Every structure is written in structure tokens, then in C-alpha cells.
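# Notes for the structure review
Each chain, written out:
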Amino acid sequence: MAQQSALEYLSHGQTPFFRLPWVPMARPLPSGTRAVLLGVPFDGGTTYQPGARLAPYHVRRVSALVQGWHPVHRIPVFERAPAVDGGNVVFPPFHPERMRERLEAEVAAVAAAGAAPFVVGGDHSVALPCLRALARAHGPLAVVHVDAHLDTSGPEAWGEPFHHGTPLRHALEEGLVAPGQLHQVGLRGPWGGPGDGDPGAVHGARLHPADELQARGAAAVAREVREAAGDRPVYLTFDVDAVDPAFAPGTGTPVPGGLTSAEALRLVRGLAGVRLVGMDLVEVCPALDHADITSHLAAHLLFEGLALVALRGGGLSARCYSS
Ligand SMILES: [Mn+2]
């Protein structure tokens, strides 16, 4: 399940994620598959500027430039962690409930096959069905939530409990997150009121605002999260709006003062050693992007996540990244 060669991918009109084999979910996964990339073309949970439904197509296209050798971890990522492109999850793009049903079923199927799902949104509402399926498969999760926003809103603003500002609220209330194991990194910007942090606080969520990461360094924050998570199953939900709009302009709810792209990559790389059971990368909005900056970053963040899977198992002990 190696990547296609650079010349081979040029002969195709469409490129799978990272030039990997394309294995739609109706077909059995090749044995030994450890990661499945799934596109989720859904932005019906967006409260401001829509367009994230097109991200899977753009991230696929630019991910063809990402090669397989990780020079910091010193591993061939796709040899250690054979991966495939499972295609897009299919549902009517205007039907949030159908999206949640279909995505939860596909993520559950990936987990049942012993692989880690890597979900490319879509807006952040796609995280909830992933968390539901993976908590059922692995038990309550340690969740690393990288985002400018808390995403623990309730129905108060829109009279609707499910949108891209609420997935972590549901995850906490449904017991999908292990006690004290919601790690929120990259927060910044004004809140609606002093109580915005309460839903997380009552569950012992740990906040690492963007200011803290910028002061202490991404590797130090990653180390603290990694040590807190221990050997629990870890889910990484990465909202690209955690990254500063100067580095990731293609997103619907930008907030100034965020992570640099280098800090974001170092943060994920610094989680080396955790037991990653799944990841999503959400809120890339290609129509607002410039020169594919945000899609390129998304592809590289996914590669760092895939490297975390590659570092675990395969009979090889994980090499912990140190700053
Ligand atoms: Mn979010």
C-alpha cells in the first residue's frame, strides 16, 4: 500500500489523499491497513461563512505533494502505517442528521477493522459522530481539541443543539470524553459572556490558550498534553481556525492572534507516543483560501497525525519527540 509514484499520480485525473490506494468503504480494507482517510463534504453546521464542504477535494489535490519519509521521526510513515483513501462519506449535503448517521457508521467500520479514521471535513459538526463511534469502540477518550473556539455552546444562540459550535458540548454530556481529558489548545478571542467556559470546566477540561502556547512553546504544551493523556486512546480534533488567519486564511470563522503554521505542526508532532485512535481536520474553506495555503497546511497536519499512528505499534516502540 505504498504511495503512487509522482509520475503515476500525474496520469490520474483525480488524486487520492497522499497518492494512496483508493478503497471505497463498500470494499474490504487490505489487511494491515492502519489508517483510513475519509472526506466529509458537509458544511450545514456552519454559522458564518460556509464552503468547508469542498475541502476534501482540495486537500486531496495538494496532498499529492506530501512525500512519505518523516525526517524528524525518521520513519517511512506509509510503510509503518499503511493507509488508504476511503473516499467521501455519502449523504445529502443539506441533511445534518443523515451526515451524522453515515459518518458514525463508517468510522465505526474503520475502527472495527483495527484502523484509525482520519476524517477531513467539513465543518466542526462532523467531529461528534466520530467521537461517538470511537468512544464506543475504545471507551471514553482523551480528546485533544485544537481550536480558536471552545465549541461547547448549547442551543441558546440558534435554538438548535447541533452545529459547528457544539460538538464538544455533546461529547462531554454523552460521556465520550474521559474525566479531565478534554485538552483545548489555541483558544483566544472574546467570549459571549463569563460563563462560556463553564460546560468544559465542570468536566475538568484543561485549557491551553494561544497566548500560553506562544509563551511556552508548542512542544512544551504538547508534552504536558501527552503526559496527561498517558496510554488512553487519544482523539485529535483539529479546527484549522486555531491557526492564525495570516497562515490559514481559508476558514469561515477566523480569529486573529493564532498559532503559526510551524507551531501547529510542532504541536501535533510533539504528541509522539500517544495512542492516537483517530483524527479530524475541519473547517478548511477553499473558497476563502489564497494559493491553497490552508489546504497545504491541512495536508501537512494530517501527515503529522498519520506519523503518530506510524510511531506506535508495528513491533516498534514509539520514539518520543523532544523539542
Ligand atoms: Mn471548531
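A brief report on the enclosed structure follows.

Next up on the list: the overall build of the protein chain. Along the protein chain, the regular secondary structure elements total 11 helices and 10 strands. Computed over its C-alpha atoms, the radius of gyration of the protein chain comes to 18 Å, within 12% of the 20 Å expected for a compact globule of 323 residues. The principal-axis extent of the C-alpha atoms belonging to the protein chain is close to 55 × 45 × 40 Å. The buried share among the 323 residues of the protein chain stands at 55%. For the protein chain, the proportion of contacts with a sequence separation of at least 24, taken over those separated by at least 6, is 78%.

Before going further, it helps to examine the packing of helix α2 (residues 55-63) against helix α11 (residues 293-311). Two numbers describe how α2 lies on α11: the axes approach to 8 Å, and their chain directions differ by 70 degrees. Our classification of the angle between α2 and α11 gives roughly perpendicular. Seen from α2, the contacting residues are H58, V59, V62 and S63; seen from α11, they are S295, H296, A298 and A299. Looking at the contact of α2 with α11, its residues break down into 4 nonpolar, 4 polar and no charged.

To continue, consider unusual backbone geometry. Between G121 and the following residue, G122, the backbone shows a cis peptide bond with an omega angle of 10 degrees. Considering the arrangement of structural elements, one finds G122 in the loop between β5 (116-120) and α5 (127-138). Even without being a glycine, A291 presents a positive backbone phi close to 55 degrees. Along the polypeptide, A291 turns up in the loop between β10 (275-282) and α11. Overall, A291 belongs to the exposed group, with 9 C-beta atoms counted inside 10 Å. Despite not being glycine, D292 shows a phi value in the positive range, around 60 degrees. Tracing the sequence through the fold places D292 in the loop between β10 and α11. In this structure D292 comes out as partly exposed when scored by C-beta crowding, with 18 C-beta atoms within 10 Å.

Another aspect to go through is α5. Under the 1.5 Å per step criterion, the end-to-end length of α5 is 16 Å for 12 residues, consistent within 8% with the ideal 16 Å. As for α5, its buried residues are in contact with α4 (96-112), β5, β6 (141-146), α6 (167-173), β9 (233-239) and β10. The positive-phi residue at the C-terminal boundary of α5 is G139, with phi of around 90 degrees.

Turning our attention to the environment of L141. Relative to the assigned elements, L141 resides in strand β6. On a C-alpha basis, the gap between L141 and V243 in space is 24 Å, while along the polypeptide they are 102 residues apart. If sequence neighbours within four positions are ignored, L141 has contacts with L131, L134, A135, L176, V177, A178, R232, P233, V234 and Y235.

To continue, consider the environment of R61. Of note, R61 is situated in helix α2. The exposure class assigned to R61 is partly exposed, which follows from the 16 C-beta atoms found within 10 Å. When the C-alpha atoms of R61 and A299 are compared, they prove to be 9.5 Å apart, with 238 residues separating the residues in sequence.

Most of β10 is tucked away, with 7 of its 8 residues classed as buried. Here β5 runs beside β10; their pairing, made up of 3 bridges, is parallel. Looking at the pairing, V120 lines up with L281 of β10. Here β9 runs beside β10; their pairing, made up of 7 bridges, is parallel. Within the sheet, the bridge partner assigned to V234 lies in β10 and is L276.

Scoring rules and cut-offs
- Residues numbered from 1 in each chain as written.
- Predicted model: local features only at pLDDT ≥ 70, side-chain atom pairs only at ≥ 80, totals over all residues.
- Helix = DSSP H or I, 4+ residues; strand = E, 2+ residues; numbered from the N terminus.
- Rg over C-alpha atoms; globule rule 2.2 N^0.38 Å.
- Buried ≥ 20, exposed ≤ 12 C-beta atoms within 10 Å, placed from the backbone.
- Contact = placed C-beta atoms within 7 Å.
- Axes fitted to C-alpha atoms, helices over the stretch in contact; angles between N-to-C directions.
- Parallel < 35°, antiparallel > 145°, perpendicular 65-115°, else oblique.
- Nonpolar A, V, L, I, M, F, W, Y, C, P; charged D, E, K, R; others polar.
- Expected span 1.5 Å × (residues − 1).
- Pairing = 2+ DSSP bridges.

Everything listed here is a matter of geometry and, on its own, says nothing about what the molecule does.
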